[in-house]
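Secondary and tertiary structure notes
If you want the building blocks of each chain, they are given just below.
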Amino acid sequence: MKKLPVFLITLISMSIFSCSKNNKEETMISTISKEEFGKLPDGQKADLYTLTNANGMTVNITNYGGIVTKITAPDEKGEWADVVLGFDSLAPYLAGHPFFGALVGRYGNRIGKGKFKLNGTEYSLAINNGPNALHGGKKGFDKVIWKATEINKDSIVGLELEYVSKDMEEGYPGNLTVKVTYTLDNENALSINYNATTDKPTVVNLTNHSYFNLTGLKRDILDHEVSIASDSIVPVDATLIPTGELRAVEGTPFDLRKPTAVKAGIDKIEDEQIKNGGGYDHCWVIKRSEPGLVLFATVKDPESGRFMEVYTTEPAVQFYTGNFLDGSLKGKNATYSKRFGFCLETEHYPDSPNQPGFPSTVLNPGETYNTTTKYKFSAK
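Residues numbered from 1 in each chain as written. Predicted model: local features only at pLDDT ≥ 70, side-chain atom pairs only at ≥ 80, totals over all residues. Heavy atoms only, no water.

Our next topic: the overall build of the chain. Counting its regular elements, the chain contains 3 helices and 29 strands. Projected onto its principal axes, the C-alpha positions of the chain cover 95 × 50 × 45 Å. Evaluated residue by residue, the chain yields a buried proportion of 53% over its 380 residues. Residue pairs in contact within the chain that sit at least 24 positions apart in sequence constitute 66% of those at least 6 positions apart. If you sum the accessible surface of the chain, you get close to 16800 Å²; carbon and sulfur atoms cover 51% of it. (Helix = DSSP H or I, 4+ residues; strand = E, 2+ residues; numbered from the N terminus. Buried < 20%, exposed > 50% of the residue type's maximum accessible area, 1.4 Å probe, protein only. Contact = heavy atoms within 4.5 Å. Areas by Shrake-Rupley, 256 points an atom, 1.4 Å probe, with all protein chains shown as cover.)

See the structure below:
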């Protein structure tokens, strides 16, 4: 048999490699899929949606509570791992949990004593956090089935969730029509857009309550390096209700204007605010020079190199470090002990309906509530 010239063998090999590479690139497309996640006690079915971008990043979201159950992110070696706390099945979510990955509403964060006045009328809410109302009540937006619509266009995959909160549901006035859209792009960014309208004056403060752990759920988050572009926080009393003032972060454990390890200030209980929160559980006022989407926070796990950037249109963020996790819950091959996860809940200030000096959270008929937050993942 006659042998082929070396140059011809090389040419054929390069051609095969090129075709293989092109075919691989062609198969790397963004996709969305759906599977059954379980059933509620009343028989309603919950579905689980998997969003995958062209890089292989995946985000899982269930239409039960709009909960984000999984987000994968790359480390400096290019290896992907899950970076949010949660469960692999519906049952643990139904059994009760501290808002892992939840879509929170009608009002995220606390309202003092579960009461507020609007246009001369006092409204009473469920008391579900000490003497206060927290995260929308006993059956907030995190505990209902949302109508889901899949999105797959222009290299972006997503999920639009819609829910109509009836007048006086959990004590809040007005029929509130809410649309929340999760989208995943090929820059490894998960964006969340919140949109709402009402037929009566009401208050609205929507957020997502994902607990992140950039180690890939291997250990606590105390070594994470966090930066928040903020000159001031909203100080709180012993029940975590704002005092009504703003306090400068300079010279305090709350100065995170430069990347700082969580462990550096979290246990300085000589600071009254650290003592009141049991660590970080406070609202930082975001420093911005103009309206719109702004980068306000970064987080890095120095060991894996995983890096997260957070952008928002909101005026503030609640930075929470899992102070109330106690090891009683286990999910996804990890026990969720104290400070095993952190939250960056973009929002308006807590208790705004009772604080006339705070930015308003009132939504009137004819107005549209519209905010966006983006979480972007990389390695450095």
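Before going further, it helps to examine the nonpolar core. In this structure, Ile71, Ile228, Trp284, Met308, Phe319, Leu344 and Phe377 are the most contacted members of the largest nonpolar core, which totals 58 residues. Per element, the largest residue contribution to this core is 5 residues, and it comes from strand β13 (residues 176-184). Once residues lying within four places of it in the same chain are set aside, the contact partners of Ile228 are Leu256, Arg257, Trp284, Phe296, Ala297, Val317, Phe319 and Leu344. Leu40, Leu48, Tyr64 and Phe99 belong to the second largest nonpolar core, which has 24 residues in total. (Core = buried A, V, L, I, M, F, W, Y, C linked by side-chain atoms within 4.5 Å.)

The pLDDT averaged across the chain works out to 93; a share of 93% of its residues lies at or above 70. Segment residues 6-26 is flagged for pLDDT under 50; beyond a separation of four residues in sequence, or across chains, it makes 2 contacts in the model. (pLDDT = per-residue confidence, 0-100.)

Moving on, we come to the environment of Pro350. Summarising the element assignment, Pro350 is placed in the loop between β27 (343-347) and β28 (362-363). Sequence-wise, Pro350 and Val234 are 116 residues apart; in three dimensions their C-alpha atoms are separated by 8.4 Å. Apart from the residues within four sequence positions on either side, Pro350 is in contact with Tyr107, Asn109, Arg110, Pro242, Cys283, Gln318 and Phe358.

In this section: the pattern of salt bridges. In this structure the tally under the stated criterion is 14 salt bridges. One salt bridge in this structure joins Asp167 and Lys200, with 3.3 Å as the shortest N-O distance. Of this pair, Asp167 sits in the loop between β12 (156-165) and β13 while Lys200 sits in the loop between β14 (189-198) and β15 (202-203), placing them 33 residues apart in sequence. Residue Asp167 is classed as partly exposed on the basis of its relative accessible area of 31%. (Salt bridge = Lys/Arg side-chain N within 4 Å of Asp/Glu carboxyl O.)

Under the defined criterion, the tally for this structure stands at 24 aromatic pairs. Summarising the aromatic geometry, the rings of Phe37 and Tyr93 are spaced 6.3 Å apart at their centres and angled 50° between planes, so their arrangement reads as tilted. On the criterion of sequence distance, the pair formed by Phe37 in strand β1 (residues 31-39) and Tyr93 in helix α2 (residues 90-95) is long-range, its members being 56 residues apart. This pair shows no difference in class: Phe37 is buried, exactly as Tyr93 is. Geometrically, the ring pair formed by Phe141 and Tyr163 is edge-to-face, given 5.6 Å between the ring centres and 70° between the ring planes. Of the two residues, Phe141 is situated in the loop between β10 (133-134) and β11 (147-153) and Tyr163 in strand β12; the sequence distance between them amounts to 22 residues. The residues Phe141 and Tyr163 share a single accessibility class, namely buried. Clustering of aromatic rings is evident, with ring pairs tying together Phe37, Phe87, Tyr93, Phe100, Tyr211, Tyr320, Phe324, Tyr336 and Phe340. The aromatic ring of Tyr311 is capped on one face by Lys374, whose charged end is 4.6 Å from the ring centroid. (Phe/Tyr/Trp six-rings, centres within 6.5 Å; stacked < 30°, edge-to-face > 60°. Lys NZ or Arg CZ within 6 Å of the ring centre and 35° of its normal.)

Quick look at the pairing of strand β22 (residues 294-300) now. When strand β17 (residues 225-228) meets β22, the two strands line up antiparallel, connected through 4 bridges. Note that in β22 the partner of Val226 across the bridge is Val299. Looking at chain direction, β22 and strand β23 (residues 306-312) are connected through 6 bridges and run antiparallel. In the strand pairing of β23, Thr298 is matched with Glu309. Between β22 and β23, which pair antiparallel and follow one another directly, the connecting turn spans 5 residues, one of which, Gly305, has a positive phi of 85°. (Pairing = 2+ DSSP bridges.)

What follows is about the environment of Lys138. Note on placement: Lys138 falls in the loop between β10 and β11. Residue classification places Lys138 among the exposed positions, given a relative accessible area of 60%. On a C-alpha basis, the gap between Lys138 and Ile127 in space is 8.1 Å, while along the polypeptide they are 11 residues apart. In this structure, Lys138 is in contact with Ala126, Ile127, Asn128, Lys143 and Glu170, ignoring residues within four places of it in sequence.

Right, let's get into the sheet that holds strand β4 (residues 68-74). Spatial ordering of the open sheet is given by β1-β2-β3-β4-β5, a layout of 5 strands whose pairing is antiparallel. With one partner strand each, in any of the chains shown, β1 and β5 (80-82) form the two edges of the open sheet. Between one strand axis and the next, the sheet turns through 20° on average, direction left out of account. One ladder, built from 5 bridges, connects strand β2 (residues 45-52) with strand β3 (residues 58-62); its direction is antiparallel. Its bridge partner lying in β3, Tyr49 is registered against Ile61. (Axes fitted to C-alpha atoms, helices over the stretch in contact; angles between N-to-C directions.)

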